[in-house]
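Here is what each chain is made of, one letter per residue.
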Amino acid sequence: MKIAIMGYGTIGSGVMEVLNTNRDVIAGRVGEPIEVKAVLDLRDFEGDPVQPLVVHDYMDIVNDDEIVMVVETMGGVEPAYTFVRAMLEKGKAVTTSNKALVADRGAELLRIASANGTNFMFEASVGGGIPIIRTLLACLTGDVIEEITGIVNGTTNYMMTKMTREGSDFDAVLKEAQEKGYAEKDPTADVEGYDACRKIAILTSIIAGAQVDYEDIPTEGISAIEPEDILYAKKMNRVIKLLADSKAYGDTYACRVAPFMIAEGHPLYAVNDVFNAVFVKGNMLGESMYYGSGAGSLPTASAVVGDLVRMAKHLDRVIPIEWKEQAITLADEKEQTYAHFVRCEGTDKAAIEAAFSVEEYVDAGIYGETGFVTPKMTEREFDERCARLGEGVFLKRIRLS
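All figures in this text were calculated on a predicted structure; none of them were measured in a lab. (Residues numbered from 1 in each chain as written. Predicted model: local features only at pLDDT ≥ 70, side-chain atom pairs only at ≥ 80, totals over all residues. Heavy atoms only, no water.)

S.K.: Which residues make up the overall build of the chain, and what values do they have?
M.R.: Counting its secondary structure elements, the chain contains 14 helices and 19 strands. Whereas a compact globule of 401 residues would reach a radius of gyration of roughly 21 Å, the chain reaches 23 Å, a difference of no more than 12%. Along the longest, intermediate and shortest principal axes, the C-alpha atoms of the chain span 75 × 45 × 35 Å. Scored against the burial criterion, the 401 residues of the chain give a buried share of 54%. Counted over contacts in the chain with a minimum sequence separation of 6, partners at least 24 positions apart contribute 72%. A total accessible area of about 17300 Å² is found for the chain, and carbon and sulfur atoms account for 47% of it. Averaged over its 40 positive side-chain charges, the chain has a centre that lies 3 Å from the centre of its 63 negative ones. (Helix = DSSP H or I, 4+ residues; strand = E, 2+ residues; numbered from the N terminus. Rg over C-alpha atoms; globule rule 2.2 N^0.38 Å. Buried < 20%, exposed > 50% of the residue type's maximum accessible area, 1.4 Å probe, protein only. Contact = heavy atoms within 4.5 Å. Areas by Shrake-Rupley, 256 points an atom, 1.4 Å probe, with all protein chains shown as cover. Lys, Arg positive; Asp, Glu negative; His and termini not counted. Charge placed at Lys NZ, Arg CZ, Asp CG, Glu CD.)

S.K.: Give me the environment of Arg 165: which residues, what numbers.
M.R.: Residue placement: Arg 165 occurs in helix H7 (residues 154–166). Of the residues examined, Arg 165 reaches a relative accessible area of 54% and is grouped as exposed. It is 9.3 Å that separates the C-alpha atoms of Arg 165 and Ile 230, two residues lying 65 residues apart in sequence. Discounting residues that sit within four places of it in the chain, Arg 165 has contacts with Asn 272 and Asp 273. Only 3.2 Å separates the side chain of Arg 165 from the side chain of Asp 273, close enough to count as a polar contact. (Polar contact = N/O pair within 3.5 Å; in protein donor to acceptor, adjacent residues only side chain to side chain.)

S.K.: Quick one: what's the story with the sheet that holds strand E3 (residues 54–55), residue by residue and with numbers?
M.R.: Read from one edge of the open sheet, 6 strands run E3-E2-E1-E4-E5-E6, paired in parallel fashion. With one partner strand each, in any of the chains shown, E3 and strand E6 (120–121) form the two edges of the open sheet. Pairing geometry for strand E4 (residues 67–72) and strand E5 (residues 93–96), over 4 bridges, is parallel. Bridging across to E5, Glu 72 finds its partner in Thr 96. (Pairing = 2+ DSSP bridges.)

S.K.: Quick one: what's the story with the packing of aromatic side chains, residue by residue and with numbers?
M.R.: Here the structure, examined in full by the defined rule, presents 12 aromatic pairs. Ring centres of Tyr 8 and Phe 45 lie 5.3 Å apart, and the angle between their planes is 80 degrees; this geometry places the pair in the edge-to-face category. Of this pair, Tyr 8 sits in the loop between strand E1 (2–6) and helix H1 (10–21) while Phe 45 sits in the loop between strand E2 (35–40) and E3, placing them 37 residues apart in sequence. By relative accessible area, Tyr 8 is classed as buried at 12%. A relative accessible area of 18% means that Phe 45 is categorised as buried. Ring centres 4.8 Å apart and planes at 45 degrees place the aromatic pair Tyr 232 and Phe 341 in the tilted group. (Phe/Tyr/Trp six-rings, centres within 6.5 Å; stacked < 30°, edge-to-face > 60°.)

S.K.: Help me get a handle on the pattern of salt bridges, residues and values and all.
M.R.: Counted according to the given criterion, the structure contains 31 salt bridges. Arg 343 is paired through a salt bridge with Glu 226; the nearest N and O atoms lie 2.9 Å apart. Highlighted residues: Arg 343 in strand E15 (residues 340–345) and Glu 226 in the loop between strand E8 (210–211) and helix H11 (227–235), separated in sequence by 117 residues. Owing to a relative accessible area of 5%, Arg 343 belongs among the buried residues under this scheme. One salt bridge in this structure joins Arg 343 and Glu 369, with 2.7 Å as the shortest N-O distance. Highlighted residues: Arg 343 in strand E15 and Glu 369 in strand E17 (residues 369–373), separated in sequence by 26 residues. Of the two residues, Arg 343 and Glu 369, both sit in the buried class. Connected through shared salt-bridge partners, Arg 85, Glu 89, Asp 104, Arg 105 and Glu 108 make up one network. (Salt bridge = Lys/Arg side-chain N within 4 Å of Asp/Glu carboxyl O.)

S.K.: Could you give me a rundown of the sheet that holds strand E10 (residues 252–263), with the residues and numbers involved?
M.R.: Spatially, 9 strands are ordered E12-E11-E7-E9-E10-E19-E15-E17-E16 in an open sheet, and the strand pairing comes out mixed. Both outer strands of the open sheet, strand E12 (286–293) and strand E16 (360–362), are each paired with one neighbouring strand and no more. Each strand axis lies, on average, 25 degrees off the axis of its neighbour in the sheet, ignoring direction. Of the strands in this sheet, strand E7 (145–151), strand E11 (275–282) and E12 touch helix H6 (residues 132–139), which is tilted by about 20 degrees from E11. (Axes fitted to C-alpha atoms, helices over the stretch in contact; angles between N-to-C directions.)

S.K.: Residues and numbers for the environment of Phe 372, please.
M.R.: The topology assignment puts Phe 372 in strand E17. Relative accessible area serves as the criterion here: at 0%, Phe 372 is assigned to the buried category. The sequence separation of Phe 372 and Val 358 amounts to 14 residues, and the corresponding C-alpha distance is 6.6 Å. Dropping the residues within four chain positions of it, Phe 372 is found in contact with His 340, Phe 341, Val 342, Cys 344, Ile 352, Phe 356, Val 358, Glu 360, Tyr 361 and Val 362.

S.K.: Quick one: what's the story with unusual backbone geometry, residue by residue and with numbers?
M.R.: Geometrically, the link from Glu 78 to Pro 79 is a cis peptide bond, its omega value of 5 degrees lying close to zero. Of note, Pro 79 is situated in the loop between E4 and helix H4 (80–89). With phi around 55 degrees, Phe 45 is a residue other than glycine that occupies positive phi space. A positive phi angle, near 55 degrees, is found at Asn 237, a position not held by glycine. Within the fold, Asn 237 resides in the loop between H11 and strand E9 (238–249).

Structure below.
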């Protein structure tokens, strides 16, 4: 069975490695071997064993009737969208690890695939090697999913783990993450939460069966987290994690990506380093969690190859995935309710208590400021109370989970 790989970078080369290493096992599960016939890339890879397979024009793959499945690991929306659409319109099944493409055009590509009697799959677009998408689509279809909360970005989780363990500041940990290959040269998508935002948009779209626009999700990253925040968290027996959160809210969902202080008993408390985990709550199942390698060449490639095997066994049948193109309106972000940890300039507790009800004060030994925890309140109420503190008093807030 002939396939093509579009984009021969970290993930694309990983797919080739998985297919070669597990060739016999995969052939047994499919019923015949899977062979890579073409690799689309701008580079030639001179001296590499893949060189004879390299093509530079995606139409070479479109027009090759022997190629029945295509892997897209290029990243970004364009030209990936144009290439993937052409493959689907030709009746070729496609799997992708590209969360930007899936978040932006997933519903449309599913419709195009179905109209052409083929499949579009994207397990590797969220959580790397964690099979969370197939779990939601195939295993939990008897449940109403009430909550999905995840650590879905390995870069930021590695950085927060290092800052917690060593007390390092953001810039120092980011530099180290870049040196180790955990962070890109331009880390904006990771550290500002955009990557996690697209992933929770995909997961929410799946459980909603309709398009969730990632641009509608309030998103904060970890770039403003300071060593002082870590000290306060430790005093409270909590850790700070970048969470992507989606909760059922009436007939829609309330979504957010932000740093949260999570307590010791929380299922995500001990998820450290580059690992990812997704916590799911169903109305019948109750609570469950899915944990594993959330990034890296082989874990992500493993998820891609899993899609290939499934598509190979269903070449003559469309696997239905409900994801309508019509966008849903998310709940008003100002109505979301949280308890908050707050840092203020100065030590005037009377002024603080004139603005906020205080659940507890937190003393982390930081001179010239006061930390405290609020009761649960809406985002709108928090903003109103914060305004009462006066200019220059409010320093920072981190939500509690």
